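# Structural characterization, general
So the chains spell out like this:
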Amino acid sequence: MNKLNIDASDSHKQESKTTTRNRRVLIVVAGAVALTLAACGNSDFSIEQDGLLAANNGDSAVACSILAGYAIPSSSIGLPTSGASITSAAMISATASGNTNGEYCMLKGAIKPVDPTAPDIQFQLNIPKNWNHRALQMGGGGYNGAVVTGLAGIPFAPTDLMPLAQGYATYGSDSGHQSVNGVVDASFASNDEALINYGYAHIKKTHDAVAVVLRRYFGRKVDFKSYFAGGSTGGRESLTAIQRFPADYDGAFAGSPSAFFTGLRMIGLPVGKANYQVAGGYLNPAKQVLVKQVATSACDALDGASDGIVSNIGACKAIAATTRASLRCPGGQDTGDSCLSDAQLAVIDLLHEGLELPYVLADDVRRYAGYNAFEGADFSLISTAGLGLGTSEILLDTPGAIPNGYLFAQGVQWLRYFVTRDPNYPALGFDPVNPGKYQQRVVDLSKIIGATNPDLSAFNARGGKLILLHGAADTAVSPNATTDYFKTVGARMGQQTVNNFIRYYTVPGMGHGVGVYVPAWDALKALDNWVTSGVAPDALPSTDTVSATRGRSRPLCPYPSWPKYKGSGDINSASSFTCSNSSL
């Protein structure tokens, strides 16, 4: 039913011309209308206050269906849009084929851009029948381009602990563009609004649109906790959410976050040059495997256990020069797959040392910390599923992640579509240290896409909690860059303050979701307990999901501690390990 639009002055004038009999008729009609509104129970006033669910006597299927076509005004979204709408609504039965999340209302929607040439932000919201008064925004991966449905778990969660099944309202978006090859396709960045949406704006726009819908469904005054969780790009998005929009979130989980996005994309370019422009620089897959094997052999037992996991990274770093020397071919010339030439070692050196810039990017950052390349990180394709240094010595015109290396391929996409906006710009034609006329563009981009702001005081002040996690053997996003960020936050806010609202875990043996140890652990439960009950997580149990070693366990140790074998007990049991701060 439509709202009654009553203007007091007009009704007073009309009444002066009405006879007594007409007044009586009006009173009777008005009373009947009031009774009708109360009886039907679904007036706009009732829905706005109490929500569609209550207005329809708790019938979630009816409440869900009514949301189809629901329009969200641009004034309800905190960043510029042309409004949003729910494009489809369907109640999913608990017994529907393939559904393990229980009964829920699946809503799909679109947020319209200001620029008519920019793509929509497409999103999905799932409202469970057994809602627990929590909403979970879920991040994407790579360059995104596909809707994060919210039907799966957060990174590293056990497969039987889907947030939606636990009662969380879950949602995600495509970050403001669509692509079948979105993870490695940056062409959307040719449009300014799409680029800004990818950088940060889609997070706020989607959050606000979803908040409007939840309040339409449950009522204006409904109270709920709001979380963000994601890994890789989703980890960056999680940090972006609490840095830029701290009032919107009670907690966040950021796994393997690509927080220093610009540095991550730029380091791939000199690595690509060293691999493909320098004569003899290319490392074939056998040599990539060799680096990992030699480093693991040198460092495996430094944590007290010979288990294939390099846990004592500090001690391993201390002997990195020795490890490097043992990899070098006699005289520095390539003599086969049992060693590396000087040109090939230069590639690993670049990865290990990172990228130092002579100019400052956003948040006064100028260094992208290197990878643990001499500490057991595996840059071969075999075990990193395309996240290595490449399988072909032939450089494609458009470098591919598998043939030419993940870091290089992603860096070229960034160079061509974010920086130069020239899809034919030479892949080997850019120097991040001396970017020439593109330097200001690089600086400006770092302010749009990245999550390196160390000032989390607003998030902390509202009681927000953050759990950070990174695999020590990550070859896609440097774990040492995340450590640098954590240390910068500590320097800015004081480590004791940081300890009150941030936990940072490094995972030995874990790469970018792959590796020799990939944990299953319930990060969302740890986060929610911290937010709602004040139970701060410390060392946490985790279970290996790698097929060859499935079921063994290790403690997840808060940084800077690491799991050290006690010297006795089952080597496959977390109880045989303690979290140590010593690198000896």
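On a predicted model such as this, the values are computed, not experimentally measured, just so you know. (Residues numbered from 1 in each chain as written. Predicted model: local features only at pLDDT ≥ 70, side-chain atom pairs only at ≥ 80, totals over all residues. Heavy atoms only, no water.)

What follows is about unusual backbone geometry. Following Tyr 559, the chain continues into Pro 560 via a peptide bond in cis, with omega recorded as 10 degrees. Relative to the helices and strands, Pro 560 is located in the loop between strand E15 (553-558) and strand E16 (562-565). Notably, Phe 156 is not glycine yet its phi reads approximately 75 degrees, a positive angle. Positionally, Phe 156 belongs in the loop between strand E5 (134-138) and strand E6 (169-173). Here the phi dihedral of Asp 364 falls at roughly 60 degrees; this positive angle occurs in a residue that is not glycine. The topology assignment puts Asp 364 in the loop between strand E9 (355-356) and strand E10 (367-368). (Helix = DSSP H or I, 4+ residues; strand = E, 2+ residues; numbered from the N terminus.)

Attention shifts here to the packing of aromatic side chains. Tallied over the full model, the rule gives 29 aromatic pairs. Centroid distance Phe 261 to Phe 418: 5.9 Å. Interplanar angle 50 degrees. Geometry classified as tilted. Residue Phe 261 is found in helix H7 (residues 261-276), and its partner Phe 418 is found in helix H14 (residues 406-419); the two are separated by 157 residues along the sequence. Judged by its relative accessible area of 1%, Phe 261 is buried. (Phe/Tyr/Trp six-rings, centres within 6.5 Å; stacked < 30°, edge-to-face > 60°. Buried < 20%, exposed > 50% of the residue type's maximum accessible area, 1.4 Å probe, protein only.)

What follows covers helix H5 (residues 192-218). Along H5, the sharpest kink reaches roughly 75 degrees, centred on Ala 201. Burial of H5 is extensive: 23 of the 27 residues sit out of reach of the surface. Positive phi shows up at Gly 219, right after H5, with a value of about 115 degrees. (Bend = angle between axes of the 7 residues up to and from the residue.)

Our focus in this paragraph is the pairing of strand E3 (residues 104-111). Within E3, 7 of the 8 residues are buried, which leaves the element mostly enclosed by the surrounding structure. Pairing of strand E2 (residues 84-92) with E3, which is carried by 8 bridges, proceeds in the antiparallel orientation. Residue pairing across strands places Ile 86 opposite Gly 109, the latter belonging to E3. (Pairing = 2+ DSSP bridges.)

Attention shifts here to the packing of H5 against helix H6 (residues 233-244). At their nearest, the axes of H5 and H6 sit 10 Å apart, and the two run at 60 degrees to each other. One element, H5, and the other, H6, form an angle in the oblique class. Like other packed secondary-structure pairs, H5 and H6 cross with a definite hand, here right-handed. Residues Tyr 198, Gly 199, Tyr 200, His 202 and Ile 203 of H5 pack against Thr 233, Arg 236, Glu 237, Thr 240, Ala 241 and Arg 244 of H6. Residue classes in the contact of H5 with H6 are distributed as 4 nonpolar, 4 polar and 3 charged. (Axes fitted to C-alpha atoms, helices over the stretch in contact; angles between N-to-C directions. Parallel < 35°, antiparallel > 145°, perpendicular 65-115°, else oblique. Left-handed = near helix turned anticlockwise from the far one by under 90°. Contact = heavy atoms within 4.5 Å. Nonpolar A, V, L, I, M, F, W, Y, C, P; charged D, E, K, R; others polar.)

Below, the discussion takes up the state of the cysteines. One pass over the structure, following the stated rule, counts 4 disulfides. Disulfide partner of Cys 329: Cys 339, at an S-S distance of 2.0 Å. Classification of the bridge connecting Cys 329 and Cys 339 rests on its S-S torsion, roughly 95 degrees, and on that basis the disulfide is right-handed. You can see Cys 329 sitting in the loop between helix H10 (320-327) and helix H11 (342-353) and its partner Cys 339 sitting in the loop between H10 and H11, a full 10 residues away along the chain. By the burial criterion, Cys 329 is buried, and Cys 339 matches it. The cystine pairing of the protein, numbering bonded cysteines in sequence order, is 1-2, 3-4, 5-6, 7-8. (Disulfide = S-S within 2.5 Å.)

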